[in-house]
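Architecture at a glance
Read off the chains here:
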Amino acid sequence: MSALPRIGAKLAAGERLDGDDGLALFMEPDLLALGQLANAERERRHGDRTFFNVNMRYEATNVCEASCSFCAFAKLEEGAPGAHTATHEEAWKALAEHPDPKLTELHMVNGLHPGLPFEWYEQLLSGWKRVRPEVHLKCFTGVEIHYFAEKFGMSHTEVLTRLRAAGLDSMPGGGAEILHPDVRGRISNDKADGEQYLAAHGAAHRLGMKTNCTMLYGHIETFEHRVDHLLRLRAQQEETGGFQCFIPLAFHNENNSLQKLPEPTAVDDLRTIAVSRLMLDNIDHIKAYWVSMGIDTAQMALRFGADDLDGTIVGESIYHSAGSTVPMGLTRDALVRLIREAGRIPVERDTEYGIVEELPRAARPEAAMKVRERNAEKKSLNVLSTGAAS
Ligand code: V47
């Protein structure tokens, strides 16, 4: 028998869901009924508002001494085929010359480079602040912060205090993978463990910094591990309160050592969004990251609990190296159109969910547009055509 009526009653009474409820939600066969419950919670919080931003990706180095089995991005050492570390000048130029004057965020995730001194990262940030001080720097995962702490003999707080003085504004959510040690030990056993990842975020929150959190799903983990992961994030949020957004990341299986595994299906993607919305009652936003989920599923996820699509991106390589075939970027207009077509109100936000511009909802259902009109627009929809990162 479906657990949804019982869980729905708990939600209506304002009761917190527990691990058994989370597991029952993951096992619920009626995806639409599950989605409806999550959508009600999403609309209670945000109505039809759906957030996106104008951002860019930057990966300063893909040299990484960790050997995560799902990763297709990292190169073990400098000089290995495909290994790349930008110079400061290249990195500063990429921001200075970014063509969009409305850019509000630079998002950076790097490999764990064994040879770069700490000052290199401080100079990178302060140079960016010099060239475009208005752009928010959302850089370094909890795993990178922990790596710096161990390598340079500092606490998480010391690392973050210095990086913040150099220009760091907030942290992305990457590196969470699956926090449970049984899975983490098998897919990424030589970097920060789950507790260290959470401790780095806790330290950032205590300094007043906002961060995001993620879950890499659809590989060797079970539903029990996913529920455990969500409960650990929820407990951390109870303690330090600085997570603003949760992003489930769908596993991609190309060019990594887990390539025999199938990728999660759209049903799993939508289910995971919905369960996350219902379990993470103390995190405001759930993001359907279009690069990881695919544009079509991300658009549908806006009716399954997600209220954010991420941004224009441009320059992503972690997913494109692992087989993602989505475009390298989307225009602001394309994001607005996708949100309107889903019947929602597009809201351009900054990284901390300050409103940049709230746009009107569609005057008429976009799907009713004439085929010719739609096709003409389709051509100008993407910033770049589909293709893998070089
Ligand atoms: O840490 C790596 C994941 C993360 C694969 O904070 C993979 O707003 C699937 O941090 N298949 C980086 N996932 C991405 C990230 C992120 C993305 C979007 C928004 C935000 C945010 C953060 O990508 C990594 C890892 O967990 N990842 N390889 C793969 N083959």
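This part covers the state of the cysteines. Each disulfide consists of a covalent bond between the sulfur atoms of two cysteine residues. Scanning the entire structure with this criterion turns up zero disulfides. Just so you know, C71 is unpaired, no disulfide at all, and the nearest cysteine sulfur is the one on C68, 6.2 Å from it. With relative accessibility at 24%, the residue C71 sits in the partly exposed group. Of the cysteine sulfurs around C139, a residue in no disulfide, the closest is that of C245, at 17 Å. Looking at C139, the relative accessible area reads 0%, which means it is buried.

Two elements in contact, helix 2 (residues 19-27) and helix 10 (residues 223-240), have axes whose closest approach is 9 Å; the angle formed by their N-to-C orientations is 130 degrees. Put simply, helix 2 runs oblique to helix 10. Helix 10 is crossed by helix 2, and the crossing has right-handed handedness. Of the residues in helix 10, those in contact with G19, G22, L23, F26 and M27 of helix 2 are F223, E224, R226, V227, L230 and L231. Residues that form the contact of helix 2 with helix 10 fall into these classes: seven nonpolar, two polar and two charged.

Attention now goes to the sheet that holds strand 6 (residues 243-250). Taking strand neighbours across the sheet as the criterion, the three strands line up as 5-6-7 in an open arrangement whose pairing is parallel. With one partner strand each, in any of the chains shown, strand 5 (211-217) and strand 7 (285-286) form the two edges of the open sheet. Sheet topology places strand 6 next to strand 7; two bridges connect them, and they run parallel. Pairing of C245 across the sheet is with H285, part of strand 7. Relative to the sheet, helix 10 contacts strand 5 and strand 6, its axis offset from that of strand 5 by approximately 170 degrees. On the sheet, helix 11 (residues 266-279) packs against strand 5, strand 6 and strand 7 and is oriented at approximately 160 degrees with respect to strand 6.

Within the fold, E144 resides in helix 6 (residues 142-152). Although E144 lies buried, it forms no salt bridge, and the closest oppositely charged side chain, K191, sits 9.2 Å away as judged by the N-O distance. Polar side-chain contacts of E144 include one of 2.9 Å to the backbone nitrogen of T141. Leaving out residues up to four positions away in the same chain, E144 has contacts with V109, N110 and L112.

All right, on to helix 11 then. Taking 1.5 Å of rise per residue, the 14 residues of helix 11 would be expected to cover 20 Å, and the 20 Å separating its terminal C-alpha atoms lies within 8% of that figure. What helix 11 keeps buried is the set D268, D269, L270, R271, T272, I273, A274, V275, S276, R277, L278 and M279.

What follows covers the confidence of the model for the chain. The predicted model of the chain has a mean per-residue pLDDT of 93, with 93% of residues at 70 or higher. The low-confidence segment residues 368-372, where pLDDT is below 50, has four contacts with residues more than four positions distant or belonging to other chains. Note that pLDDT drops below 50 for residues 380-390; the model gives that stretch 28 contacts with residues more than four away or on any other chain.

Looking now at the pairing of strand 5. Of all seven residues that make up strand 5, seven are buried, and the element is covered over most of its length. Sheet topology places strand 5 next to strand 6; seven bridges connect them, and they run parallel. Bridged to M215 within strand 6 is P248. One crossover worth recording links strand 5 to the parallel strand 6 by way of helix 10, and it is right-handed.

What follows concerns the site of the ligand. The environment of the ligand is made up of 23 residues, and the closest members are F70, G173, E177, K287 and Y319. Between the ligand and K138 there is a distance of 3.0 Å, counted from an oxygen atom to a side-chain nitrogen or oxygen. N212 places a side-chain nitrogen or oxygen 3.0 Å from an oxygen atom of the ligand. Considering the ligand on its own, with 620 Å² of exposed area, one finds that the protein chains cover 97% of that surface. In this structure, the ligand is accommodated by the largest pocket.

Applying the stated criterion across every chain yields a total of 12 aromatic pairs. Plain terms: the ring middles of F118 and F152 are 5.5 Å apart, the flat faces sit at 55 degrees to each other, and that makes the pair tilted. Taken together, the residues span a long stretch of sequence, with F118 in helix 5 (residues 118-131) and F152 in helix 6 at a distance of 34 residues. Owing to a relative accessible area of 27%, F152 belongs among the partly exposed residues under this scheme. Residues Y121 and F148 carry aromatic rings whose centres are separated by 4.6 Å and whose planes lie at 50 degrees to one another, so their mutual orientation is tilted. Residue Y121 is found in helix 5, and its partner F148 is found in helix 6; the two are separated by 27 residues along the sequence.

Calculation rules
Residues numbered from 1 in each chain as written. Predicted model: local features only at pLDDT ≥ 70, side-chain atom pairs only at ≥ 80, totals over all residues. Heavy atoms only, no water. Disulfide = S-S within 2.5 Å. Buried < 20%, exposed > 50% of the residue type's maximum accessible area, 1.4 Å probe, protein only. Axes fitted to C-alpha atoms, helices over the stretch in contact; angles between N-to-C directions. Helix = DSSP H or I, 4+ residues; strand = E, 2+ residues; numbered from the N terminus. Parallel < 35°, antiparallel > 145°, perpendicular 65-115°, else oblique. Left-handed = near helix turned anticlockwise from the far one by under 90°. Contact = heavy atoms within 4.5 Å. Nonpolar A, V, L, I, M, F, W, Y, C, P; charged D, E, K, R; others polar. Pairing = 2+ DSSP bridges. Lys, Arg positive; Asp, Glu negative; His and termini not counted. Salt bridge = Lys/Arg side-chain N within 4 Å of Asp/Glu carboxyl O. Polar contact = N/O pair within 3.5 Å; in protein donor to acceptor, adjacent residues only side chain to side chain. Expected span 1.5 Å × (residues − 1). pLDDT = per-residue confidence, 0-100. Right-handed = clockwise from strand over helix to strand, strands pointing away. Near = heavy atom within 4 Å. Areas by Shrake-Rupley, 256 points an atom, 1.4 Å probe, with all protein chains shown as cover. 1 Å grid on protein atoms, 1.4 Å probe; cavity = no way out; pocket = protein on both sides within 12 Å on 5 of 7 lines; lining within 4 Å. Sits in = over half its atoms within 2 Å of the grid points. Phe/Tyr/Trp six-rings, centres within 6.5 Å; stacked < 30°, edge-to-face > 60°.

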